[in-house]
Amino acid sequence: MQANGAGGGGGGGGGQGQTPELACLSAQNGESSPSATSAGDLAHANGLLPAAPSAAGNNSNSLSVNNGVPGGASAASATVAAALATPDLGSSLKKKKRLSQSDEDVIRLIGQHLNGLGLNQTVDLLMQESGCRLEHPSATKFRNHVMEGDWDKAENDLNELKPLVHSPHAIVVRGALEISQTLLGIIVRMKFLLLQQKYLEYLEDGKVLEALQVLRCELTPLKYNTERIHVLSGYLMCSHAEDLRAKAEWEGKGAASRSKLLDKLQTYLPPSVMLPPRRLQTLLRQAVELQRDRCLYHNTKLDNNLDSVSLLIDHVCSRRQFPCYTQQILTEHCNEVWFCKFSNDGTKLATGSKDTTVIIWQVDPDTHLLKLLKTLEGHAYGVSYIAWSPDDNYLVACGPDDCSELWLWNVQTGELRTKMSQSHEDSLTSVAWNPDGKRFVTGGQRGQFYQCDLDGNLLDSWEGVRVQCLWCLSDGKTVLASDTHQRIRGYNFEDLTDRNIVQEDHPIMSFTISKNGRLALLNVATQVCSLTISVKYLTPGTEILVPIYDHKVYIWHKRSELPIAELTGHTRTVNCVSWNPQISSMMASASDDGTVRIWGPAPFIDHQNIEEESSSMDS
């Protein structure tokens, strides 16, 4: 293994025959006797800079806190260094098993994490005993000079890092970085970031002439990111430091901004030279997210904070914690219930019925039980579709296919604000709100759809489109519409262009889009069965709640071809389901049996049963 190649573990950049990128010393192979290595040499052999001798008389061979954080020597560390230099310990090191590459990586990850916790002496001991080094010596010098704000030395360090960046393993692709980056381009970008920090710190200190010198004689000659240089020059007009930090969106001179700078600079260096920032935490977070993603019954929002989970056990969710149990049955409608929808803030539920009413229900935040809040009457054709405005202040209600009218209600007052009808020939069966909350689009299967304001005034229209379902994208310009041509098309009301988004072999009766715009759930009618489920643009961790137009509610996970739950209780066809966007353990279903059922977790959760169910599920 190249990383364990022959050669001594001498000071500075490693022994003969080693490349600068090596992250582990050959001393661990027993090919260089520790008895011939001084404590000072050990400090260099880890690829970390030793601290300067203290005034108390420590000599240059004293072991220092050398994991990239400057510090003085400690008595305990010096004792360990002396022990390492004894012949007996040298013999034991020779007998040690050679570390694999993965072992070396784990040691470095642990070392970086401990370093972040301030356990510097522990890191020193770990690196010395394992024979590894946390990062390349040149990277350590570079890190220290950046954190100290010694920009001239940091620029000189870039020259030492050039051969490391030029290494075949040095091209790291993250975000907008491209594989085709050249050595010169990388060094220029790194230098630009350094000089930008230097420039901002001069400005904050009130050294305008020095800052201007950096801008004119150092940044501009790089001929890189001219647009950013123009922005930087504008900061010369800032009247005080607070104004500069606000306009530059910068933390100010100090450890916080310099640490962020180091994080950016590291993306240009291979991990064998300098580890990515907080790499162990990143890997652990990815592992937790993967387990949650694969958990069939996990439906809460992902928490990126590792403190909220235990890393000692696997992630487990039980079916009893899932909203599979009837919590409440709402019976106030006197006919078939065609639609239900929770408000965006999750505090209300609106239900529409064949009995021509819309009922708004209030969700109790503690008990999660619903009580009747308002009844909105006057829909002569019944209510088959409901849409909440983004701020939940308004509610739009549509009727079935033969309905040419649309009702816009003020939810707070219960008053009808607008009753809209463009033509008696229209069929207004679907509606979607623009993200600004000031406009909405509506249409049906008679060949047109409209964009209107809150007073029902027509703003735009699109002719010749028989609409099944509508959805407004977050850009505020594009409307998605499923039509009778078995497709979803995007319509831009600003430049009046349209394009195909999805094409199916059968009619798309309805669809919904995830908040991030990357997942679409389609209800596709086929001759084989009344409804099939198609999921496009998949993203991790979503349960799919669907009525199949029988008396059950079916729930799928995106990784499961079969339903993970079938909910029974309704006695006639289930027409609509809605998941509370804020309370993940609550959902509602509307049925032709005239009831709305509220679903939640089991009333009493037995933790022993949870473990047994989870074990059964895993098997």
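Definitions and limits used
Residues numbered from 1 in each chain as written. Predicted model: local features only at pLDDT ≥ 70, side-chain atom pairs only at ≥ 80, totals over all residues. Heavy atoms only, no water. Helix = DSSP H or I, 4+ residues; strand = E, 2+ residues; numbered from the N terminus. Buried < 20%, exposed > 50% of the residue type's maximum accessible area, 1.4 Å probe, protein only. Contact = heavy atoms within 4.5 Å. Areas by Shrake-Rupley, 256 points an atom, 1.4 Å probe, with all protein chains shown as cover. Salt bridge = Lys/Arg side-chain N within 4 Å of Asp/Glu carboxyl O. Pairing = 2+ DSSP bridges. Axes fitted to C-alpha atoms, helices over the stretch in contact; angles between N-to-C directions. Core = buried A, V, L, I, M, F, W, Y, C linked by side-chain atoms within 4.5 Å. pLDDT = per-residue confidence, 0-100. Phe/Tyr/Trp six-rings, centres within 6.5 Å; stacked < 30°, edge-to-face > 60°. Polar contact = N/O pair within 3.5 Å; in protein donor to acceptor, adjacent residues only side chain to side chain. Parallel < 35°, antiparallel > 145°, perpendicular 65-115°, else oblique. Left-handed = near helix turned anticlockwise from the far one by under 90°. Nonpolar A, V, L, I, M, F, W, Y, C, P; charged D, E, K, R; others polar. UniProt positions renumbered as here; feature names shortened; annotations may be inferred. Expected span 1.5 Å × (residues − 1).

(A) Here's a closer look at the overall build of the protein chain. Across its full length, the protein chain carries 14 helices and 26 strands. By the burial criterion, 47% of the 619 residues in the protein chain qualify as buried. Taking the intrachain contacts of the protein chain between residues at least 6 apart in sequence as the baseline, contacts between residues at least 24 apart amount to 49%. A total of about 29900 Å² of accessible surface is found on the protein chain, and carbon and sulfur atoms cover 51% of it.

(B) Broad picture of the pattern of salt bridges. All told, the structure shown has 20 salt bridges when counted by the stated rule. In this structure, E566 and K552 form a salt bridge, with 3.4 Å as the shortest nitrogen-oxygen distance. Here the residue E566 occupies a position in strand 23 (residues 565–567), and K552 occupies one in the loop between strand 21 (543–547) and strand 22 (553–557), the gap between them amounting to 14 residues. A cluster of three or more residues bridged by salt bridges with shared partners is formed by D152, K198 and E218.

(C) Region of interest: the sheet that holds strand 13 (residues 458–463). The four strands lie next to each other as 10-11-12-13, forming an open sheet whose pairing is antiparallel. The open sheet terminates on both sides in strands that have one partner only, identified here as strand 10 (430–433) and strand 13. Mean inter-strand twist for the sheet, computed between neighbouring axes without regard to direction, equals 15°. Sheet topology places strand 10 next to strand 11 (residues 439–443); four bridges connect them, and they run antiparallel. Bridged to S430 within strand 11 is G443.

(D) Quick look at the pairing of strand 3 (residues 348–353). Burial analysis of strand 3 places six of its six residues in the buried class, the great majority of the element. Burial of strand 3 is two-sided: the residues K348, A350 and G352 facing one way and the residues L349, T351 and S353 facing the other way are all buried. Bridge count for strand 2 (residues 337–342) against strand 3 is five bridges, and the pairing is antiparallel. Looking at strand 3, one finds that K341 is bridged to A350. The antiparallel hairpin formed by strand 2 and strand 3 contains five residues in its connecting segment, where G346 sits at a positive phi of about 75°. Across five bridges, strand 3 lies against strand 4 (residues 357–363) in antiparallel orientation.

(E) Highlighting the nonpolar core. Core analysis: the largest hydrophobic core is formed by 45 residues, its most contacted members being L349 and L395. Not counting residues up to four positions away in its chain, the partners in contact with L349 are L330, C340, K341, F342, I359, I360, W361, L370, W388, A588, V596 and I598. Within the second largest apolar cluster, 21 residues are counted, among which are A154, V165, I186 and L265.

(F) Region of interest: the pairing of strand 12 (residues 448–453). Across the six residues that make up strand 12, a large majority, six, are buried. Neither face of strand 12 is open: one carries Q448, Y450 and C452, the other F449, Q451 and D453, and all of them are buried. In textbook terms, the turn of a hairpin is the stretch between consecutive antiparallel strands, and for strand 11 and strand 12 this stretch comprises four residues, one of which, G447, has a positive phi near 110°. Sheet topology note: the strand 12/strand 13 ladder contains five bridges and is antiparallel. Following the sheet pairing, Y450 is matched in strand 13 by S461. Remark: four residues form the turn of the hairpin made by strand 12 and strand 13, two consecutive strands paired antiparallel; G456 in that turn has positive phi of roughly 85°.

(G) Representation of the confidence of the model for the protein chain in the model. The predicted model of the protein chain averages 78 in pLDDT, with 74% of residues at 70 or higher. Taken as a whole, residues 167–181 scores under 50 in pLDDT and shows 26 contacts with residues more than four places along the chain or in a different chain. Note that pLDDT drops below 50 for residues 527–542; the model gives that stretch 52 contacts with residues more than four away or on any other chain.

(H) Just the packing of aromatic side chains, in detail. Inspection of every chain in the model, using the stated rule, returns nine aromatic pairs. When the centroid spacing of 5.6 Å and the interplanar angle of 85° are considered together, the rings of W462 and F493 count as edge-to-face. Taken together, the residues span a long stretch of sequence, with W462 in strand 13 and F493 in the loop between strand 16 (487–492) and strand 17 (497–503) at a distance of 31 residues. Exposure class is identical for W462 and F493. Each is buried. One aromatic cluster is present, formed by F449, W462, Y491 and F493 through successive ring pairs.

(I) A look at the side chain of T442. With respect to the helices and strands, the residue T442 is situated in strand 11. Exposure remark for T442: the relative accessible area of 0% places this residue in the buried category. At 2.9 Å, the side chain of T442 and the backbone oxygen of S430 are in polar contact.

(J) Highlighting the environment of D293. Examined against the element boundaries, D293 turns out to sit in helix 13 (residues 279–294). Placed 265 residues apart in sequence, D293 and K558 show a C-alpha to C-alpha distance of 9.5 Å.

(K) Region of interest: the packing of helix 6 (residues 137–148) against helix 7 (residues 151–165). Interhelical geometry of helix 6 versus helix 7 gives an angle of 160° and a closest axis separation of 8 Å. On the basis of the axis angle, helix 6 is roughly antiparallel to helix 7. Handedness of the helix 6/helix 7 crossing: left-handed. Residue-level contacts link S138, A139, K141, F142, H145 and V146 of helix 6 to W151, K153, A154, D157, L158, E160 and L161 of helix 7. Looking at side-chain class alone, the contact of helix 6 with helix 7 contains seven nonpolar, two polar and four charged residues.

(L) Broad picture of the UniProt feature "repeat: WD" (unreviewed entry) in the protein chain. Per the UniProt record, "repeat: WD" (unreviewed entry) is found at residues 330–371, 376–407 and 567–599. The straight-line gap between the two end C-alpha atoms of residues 376–407 is 10 Å; of that span, 0% is helix and 41% is strand. What you have in residues 567–599 is 0% helix and 48% strand, and the ends, taken at the C-alpha atoms, are 9 Å apart.

(M) Region of interest: the sheet that holds strand 14 (residues 467–472). Read across the sheet, four strands follow the order 14-15-16-17 without closing on themselves; strand pairing throughout is antiparallel. Among the strands making up the open sheet, the edge pair consists of strand 14 and strand 17. Taken over all neighbouring pairs, the strand axes of this sheet differ in orientation by 25° on average, direction set aside.

(N) Representation of helix 6. In a regular helix each residue adds 1.5 Å, so 12 residues correspond to 16 Å; helix 6 covers 17 Å between its end C-alpha atoms and thus fits that length. Taken residue by residue, helix 6 has P137, S138, A139, T140, F142, N144, H145 and V146 as its buried positions. Positive phi shows up at G149, right after helix 6, with a value of about 75°.

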